[in-house]
Structures are given as structure tokens and as C-alpha cells.
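Architecture at a glance
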Amino acid sequence: MRTPLCDDLGIEYPIIAFTPSEHVAAAVSRAGGLGVLGCVRFNDPDELDAVLDWMDANTGGRPYGVDIVMPNKVPTEGSAGDLTELIPEEHRAFVERTLRELGVPELPEGEAGAGVLGWLHSVARSHVEVALKHRIVLIANALGSPPDDVIVAAHDKGVQVAALAGRATHARAHVDSGVDIVIAQGYEAGGHTGEIASMVLLPEIVDAVGDEATVVAAGGIGSGRQIAAALALGADGVWMGSYWLTTTEYLETHTKSQTMQDALVAATSADTVRTRIFSGKPARLLKTRWTQAWEQAGAPSALPMPLQNLLVGEAHKRISASGDPSVVAMPVGQIVGRMNAVRPVAEIMAELVGEFDDSVERLNLAR
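What counts as what
Residues numbered from 1 in each chain as written. Predicted model: local features only at pLDDT ≥ 70, side-chain atom pairs only at ≥ 80, totals over all residues. Heavy atoms only, no water. Helix = DSSP H or I, 4+ residues; strand = E, 2+ residues; numbered from the N terminus. Rg over C-alpha atoms; globule rule 2.2 N^0.38 Å. Buried < 20%, exposed > 50% of the residue type's maximum accessible area, 1.4 Å probe, protein only. Contact = heavy atoms within 4.5 Å. Areas by Shrake-Rupley, 256 points an atom, 1.4 Å probe, with all protein chains shown as cover. Lys, Arg positive; Asp, Glu negative; His and termini not counted. Charge placed at Lys NZ, Arg CZ, Asp CG, Glu CD. Axes fitted to C-alpha atoms, helices over the stretch in contact; angles between N-to-C directions. Parallel < 35°, antiparallel > 145°, perpendicular 65-115°, else oblique. Left-handed = near helix turned anticlockwise from the far one by under 90°. Nonpolar A, V, L, I, M, F, W, Y, C, P; charged D, E, K, R; others polar. Pairing = 2+ DSSP bridges. Polar contact = N/O pair within 3.5 Å; in protein donor to acceptor, adjacent residues only side chain to side chain. Salt bridge = Lys/Arg side-chain N within 4 Å of Asp/Glu carboxyl O. Expected span 1.5 Å × (residues − 1). Bend = angle between axes of the 7 residues up to and from the residue.

The name an unreviewed UniProt entry assigns to the chain is Nitronate monooxygenase family protein, from the organism Tsukamurella strandjordii.

What follows is the structure, encoded as C-alpha cells:
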């Protein structure tokens, strides 16, 4: 399974795990992959700094990375209070009415929640500044190529830069801007995703990039067989996000996510929908009564980033606390159909590597 990506990042297996959980990220790094911590949930740079201190101490000296969100089109800036004022009253009324109709209770006194501000460039830049003070080896941008000065700052620290691409033209632009690793993310992926399936997209991006950058495959990957297929199509490794949501370590960070895991374990690959209601950008979510409510006649259109997430931030907290799997609001890819049990990261990593070896051996015997 070893590829040049392993040497570039100092890892044993070319498996990169994106996750909002520091416990999952650290466990993946300790198991020989590269854990990449999603930073968008951190409104306070000091909180991120403390979590990265924890990562430094709990990865066994193994490398890790971070993922930021800096869209090409700079979203509206401002404080949470100022931005909330821009949200139309009809949207607020719809959310409140929908939660009431779905039977989602209000939060206890003092636990009101709001959306995260990590979608803002100003906050994302603070994430970069904090991360570069730690021993990261990779900064990935979830929404395209980061600004030139961010790439320069990362390279000055010896940190590689990765960017997700949903089209070959996007990949080519990333490489021209100085990105080291292009993450070819197919339509099947969870979270923000494009419209071209992985089987078509990956070889297109490999051909478009050539030898100028490393290509990593993303979208619909949850087995060693799929990792072998990705390498056969020209990738140097894989980027997996959704698959780590049903790990035991995830609950160590997100202690109230048992209901979410129950919903994911019960879902099939047909139980997702691509929508803008999570952040304002197209993202694949688990299909639930919450997503269906936004598809009904009379429902308002999603607001642009970052207003949509601010609109639904408290709703997500209420849904999470409700204990009702039928209303879960969670980004996840079509690979959810394989996420049929809650397991430790180390067990999943061993299974991925073992199945990869078996797949390659089977192909060798068929020659």
C-alpha cells in the first residue's frame, strides 16, 4: 500500500482521515494514517490552540494535519450578532415552526447555541496562524485553493497544502496556485461536494494534474477494495471523512452524538441528499425528516454562507439533544451504507489495510 505520499507526509499508509474529532484524528495517526482535524467548529482560536496542544501530546509523535474552510468567494464578514441581523425573519419563523412540528424540544436554560464562524475568512486565517505554531504536516482547504499568502506561509513552515476539487479545471487551477495535493472528491462524498462521480472524476484529475502535484481520491471510500481501485486509477492515496463518524473515538469528542451514530448505522447508501441547507453551499447530508421539511412547498431557499449555518446552528444543537434519529442533521456520504457498526479506529484501519492486501493479491493471481 505504500506510495510516494507516505514518504511526503511521513506516514505508513496512504490513508488521510478528515474528522471534526481530535480523538479520531489522533487515533488514525497512531495507526499509521494521517489524521486531519476539521477546524470549522472552533470560533475561538484559543480553543483550537488547546486542542492542537492535545494533538501534539496524543499522536505518539506521528504527523497530523488540519482542515480549514476558505471559499473562493469571500463570504460576508462580521460578528455573530451583526451577521444574525441579516437573516430574514421568514427564515427564522420557518426553522422554529419546523422544529415544533418535528417535536424537537427547546434547549435547557443557558444552553442556547449558534452557528459556527469558521466559515469566515477572518476566522479561517486565525485557524491557519494557530495551526502553523504546531507540528502539523498538512493544511487542507475544504472549499478550493486557499489564498496565495496562506500557501506561502504554509510552505515557509515546511507544511504541504491540499485542496479539494470536484472538476478537472478546479484541480488545474489549484496546481497553478501552488497547491501540493489535489483531493479529487466525487459526487458520492459527504459534506461539500460537486456533481461528478469518483470513477469518472479521479482519472480526469490525474490526467489534468500530471506530475505537478499529488492526487488523493475522495468520495465513497470505505473499504480496502476501494483504496486499491483508487490507486489503480492513478491516485497516490485516499481521503476518507464520513467513515470515521461511526467510531468509538468520535463519542469521546462529541459526547452527545450517540443518536447521530444510531441514525448512520441504520442508514443505506440511498439515504442521503445533496442540499444547501447545512452551510449555504451544496453538501450531502443524511436524509431525515429535517432535510425533507426543507424540500416541501413553501420552504424558503437556503441562505448564502455563512448566514445559513448561523440560521440553523441552534436548531442543530436542539436536534442533537432531542435523541430522535429521524431528525438528525448530519453531513455524510453515500458510503453510509457500509457504516453498519460503531467500531474503534484501529480496527477499521487494520481492516482497510488487510482488505487492500487481499484485493491486490487476488488481482496478481488473476494475471
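The helix and strand inventory of the chain stands at 15 helices and 11 strands. Relative to the 2.2 N^0.38 estimate, which gives 21 Å for 367 residues, the radius of gyration of the chain is 20 Å and therefore close to what a compact globule would have. Oriented by its inertia axes, the alpha-carbon framework of the chain measures out at about 60 × 45 × 40 Å. Scored against the burial criterion, the 367 residues of the chain give a buried share of 55%. Taking the contacts inside the chain whose residues are at least 6 apart along the sequence as the reference set, 68% of them involve residues at least 24 apart. Accessible surface for the chain amounts to roughly 15000 Å². Of this, 50% is attributable to carbon and sulfur atoms. Each charge sign in the chain was given a centre, from 28 positive and 47 negative side chains, and these centres are 4 Å apart.

Moving on: the packing of helix H2 (residues 22-30) against helix H3 (residues 45-58). At their nearest, the axes of H2 and H3 sit 10 Å apart, and the two run at 25 degrees to each other. When the axis of H2 is compared with that of H3, the two are roughly parallel. For the pair H2 and H3, the sense of crossing is right-handed. Between H2, through Glu22, His23, Ala25, Ala26 and Arg30, and H3, the contact on the second element is made entirely by Val51, Trp54, Met55 and Asn58. For the contact of H2 with H3, the class distribution of residues is 5 nonpolar, 2 polar and 2 charged.

Counting buried positions over the 5 residues of strand S1 (residues 15-19) gives 4, a clear majority of the element. By the bridge criterion, 3 bridges tie S1 to strand S9 (residues 237-240) in an arrangement that is parallel. If you follow Ile15 over to S9, its bridge partner there is Val238. The sheet contact formed by S1 and strand S2 (residues 34-38) spans 4 bridges and is parallel.

On to the side chain of Glu22. By secondary structure assignment, the location of Glu22 is in helix H2. Assessed through its relative accessible area of 11%, Glu22 is described here as buried. A polar atom in the side chain of Glu22 sits 2.7 Å from the side chain of Arg41. If we skip the residues at most four places from it in the chain, Glu22 touches Leu37, Arg41, Val51, Trp54, Met55 and Thr253.

With omega at 5 degrees, the peptide bond leading from Met305 into Pro306 counts as cis. The residue Pro306 is located in the loop between helix H13 (289-293) and helix H14 (307-322) in this model.

When the charged atoms of two side chains with opposite charge come close together, those side chains can pair. A full pass over the atoms with the stated rule returns 13 salt bridges. Across the salt bridge formed by Arg172 and Glu212, the nearest N and O atoms sit 2.9 Å from each other. Of this pair, Arg172 sits in helix H8 (residues 168-177) while Glu212 is found in the loop between helix H9 (198-209) and strand S8 (214-218), placing the two residues 40 residues apart along the sequence. According to the relative accessible area criterion, Arg172 is partly exposed, its value standing at 23%. Taking the relative accessible area as the measure of exposure, Glu212 reaches 53% and is therefore exposed. For Arg274, the salt bridge identified is with Glu195, shortest N-O distance 3.7 Å. Residue Arg274 is found in strand S10 (residues 272-275), and its partner Glu195 is found in the loop between strand S7 (191-192) and H9; the two are separated by 79 residues along the sequence. Taking relative accessible area as the criterion, Arg274 reaches 27% and is therefore assigned partly exposed. Ionic contacts of the salt-bridge type, sharing partners, join the residues Arg172, Asp176 and Glu212 into one network.

Between the first and last C-alpha of H14 there are 24 Å, a value that for 16 residues agrees with the 22 Å anticipated at 1.5 Å per step. The axis of H14 is deflected most strongly, by about 40 degrees, at Gly313. Along H14, the positions that sit buried rather than exposed are Leu307, Gln308, Asn309, Leu310, Leu311, Val312, Gly313, Ala315, His316, Arg318 and Ile319.

Turning next to the sheet that holds S7. On the basis of which strands lie adjacent, the open sheet formed by 3 strands has the order S7-S11-S10 and antiparallel pairing. Because the sheet does not close on itself, it has two edges, and the strands there are S7 and S10. As paired elements, S7 and strand S11 (residues 283-286) share 2 bridges and run antiparallel to each other. By the bridge assignment, His192 is partnered in S11 with Ala283.

Let us look at the side chain of Ser359. Looking at the element boundaries, Ser359 is found in helix H15 (residues 345-365). Residue classification places Ser359 among the buried positions, given a relative accessible area of 5%. Leaving out residues up to four positions away in the same chain, Ser359 has contacts with Gly224, Arg225 and Ala228.

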